Amino acid sequence: MPKIVLYGIDISPPVRACLLTLKALEVPFEYIEVNLFAGEHRNEEFLKKNPQHTVPLLDDNGTYIWDSHAICCYLVDKYGKTDELYPKDLVKRAHINQRLFFDASVFFMSLRNISVPNFYKKVDKVPQEKIDNVRDGYVHLENFLGDNLYLTGNNFNISDFCCAATASSLPAVLEMDPHKFPKIKAWLGRLEKLPYYKEANKDGAEKYIKMLKNVLTVV
Ligand SMILES: N[C@@H](CCC(=O)N[C@@H](CS)C(=O)NCC(=O)O)C(=O)O
């Protein structure tokens, strides 16, 4: 088995999506913490591996991959005993990709656009439009769930991991009203039952929420 290293920090939703995937696949890996607040992601050594200076970063025996969505797809394709978490079937995969790209371009970005200015520039005033983007994301996710148990059907896959890592962190900036979004609440409840969910996602999400909540004022 080649040596797999995941670089990350557990407050990061994209890092937690990769932790969920690695745990689900039961792939052994080393986890190296990158202290973003100390700028470790911008040192020369890290930039050589990921010039975009983001975590998560995967080192699979010298092959470097960044962006959580790309990492999760790669891990299942390479190490999955089955393709359940990222099916090869063209239509199933296209539906999963849609949810992954939604997370990458809309859902997680609605959070990052608020958290990054706070973490690195101490911006604590958040324009209402940014909060509206978060609410729009919740609305889309609730609609995607429809009558299904999970995001693309009745089995979970990596799109559930990526979107759940974001959804469970978003209350840092906007509480998720369970009356407006009952399907999201029930879906997260289902994922919480996974034996590795607490360690891989819940604990980090709670830490993240504690860091940001009550720090921000909507203007
Ligand atoms: N689309 C990327 C986003 C990764 C990302 O924004 N990571 C944040 C932590 S949550 C980060 O590394 N920020 C430091 C930086 O961008 O310099 C992914 O899914 O991996």
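Heads up: the structure comes first, above all this text.
The written sequence of each chain sets the order in which its residues are numbered from 1. For this predicted model, a pLDDT threshold of at least 70 governs which residues receive local features, and a threshold of 80 or more governs which side-chain atom pairs are given and counted, while totals over whole chains, interfaces and linings are taken from all residues. Side-chain figures throughout are based on the complete set of non-hydrogen atoms in the structure, without hydrogens or water.

1. Thoughts on the site of the ligand
Working step 1: Definition of nearness: a residue and a molecule or strand are near each other if at least one heavy atom of the residue lies within 4 Å of the molecule or strand. H53, V55, D67, S68 and R112 are the nearest of the 15 residues found near the ligand.
Working step 2: Definition of a polar contact: a pair of N or O atoms within 3.5 Å, with one able to donate and the other able to accept a hydrogen when the atoms are protein atoms, and with sequence-neighbouring residues admitted only if both atoms are side-chain atoms. V55 is positioned such that a nitrogen or oxygen atom in its backbone is 2.9 Å from an oxygen atom of the ligand.
Working step 3: Under the scheme used here, helices are H or I runs from DSSP no shorter than 4 residues and strands are E runs no shorter than 2 residues, and both carry numbers assigned from the N terminus. Tallying contributions element by element places helix α4 (residues 90-121) first for the shell around the ligand, with 3 residues.
Working step 4: Taken together, the residues of the shell around the ligand sort by class into 6 nonpolar, 6 polar and 3 charged.
Working step 5: Delimitation of the domains relies on an automatic or database domain assignment. Mapped onto the domain boundaries, the shell around the ligand takes at least three residues apiece from domain 1 (4-79) and domain 2 (90-218). Here the nonpolar group is Ala, Val, Leu, Ile, Met, Phe, Trp, Tyr, Cys and Pro; Asp, Glu, Lys and Arg are the charged ones; every other residue, Gly included, is treated as polar.

2. Here's the deal with the packing of α4 against helix α8 (residues 197-212)
Working step 1: Between α4 and α8, the least distance of the axes is 11 Å, while the angle of their chain directions is 60°. By the angle between their directions, the pair α4 and α8 is classed as oblique. Relative to α8, α4 is oriented so that their crossing is left-handed. Where α4 abuts α8, its residues L111, S115, N118 and F119 lie against Y208, M211 and L212.
Working step 2: Class assignment for the residues of the contact of α4 with α8 results in 5 nonpolar, 2 polar and no charged. A fitted line through C-alpha atoms serves as each axis, taken over the contacting stretch for helices, and the angle formed by two N-to-C directions is quoted from 0 to 180°. For classification purposes, an angle smaller than 35 degrees is called roughly parallel, one larger than 145 roughly antiparallel, one from 65 to 115 roughly perpendicular, and anything else oblique. The crossing is said to be left-handed when, going from far helix to near helix, the turn is anticlockwise and less than a right angle, and right-handed when the turn is clockwise. Should any heavy atoms of two residues lie within 4.5 Å, those residues are counted as being in contact.

3. Quick look at the environment of E33
Working step 1: By the secondary structure assignment, E33 is in strand β2 (residues 30-33).
Working step 2: Take E33: its relative accessible area is 49%, and that puts it in the partly exposed class.
Working step 3: Along the primary structure E33 and G8 are separated by 25 residues, whereas in three dimensions their C-alpha atoms are 5.1 Å apart.
Working step 4: If we skip the residues at most four places from it in the chain, E33 touches G8, I9 and E40. Note on classification: 1.4 Å probe, protein chains only; a residue is buried when its accessible area is under 20% of the maximum for its type, exposed when over 50%, partly exposed between these limits.

4. Some details on helix α5 (residues 128-145)
Along an α-helix, residues three or four positions apart point the same way, because every turn accommodates 3.6 residues.
Working step 1: Helix span, as expected, comes to 1.5 Å for every residue beyond the first. Counted at 1.5 Å a residue, the expected span for α5 with its 18 residues is 26 Å, and the 26 Å between its end C-alpha atoms agrees.
Working step 2: Among the structural elements, α4, β5 (125-126), α6 (158-167), α7 (182-192) and β6 (217-218) are those in contact with the buried residues of α5.
Working step 3: The first or second residue beyond α5 is G146, which carries a positive phi of 45°.

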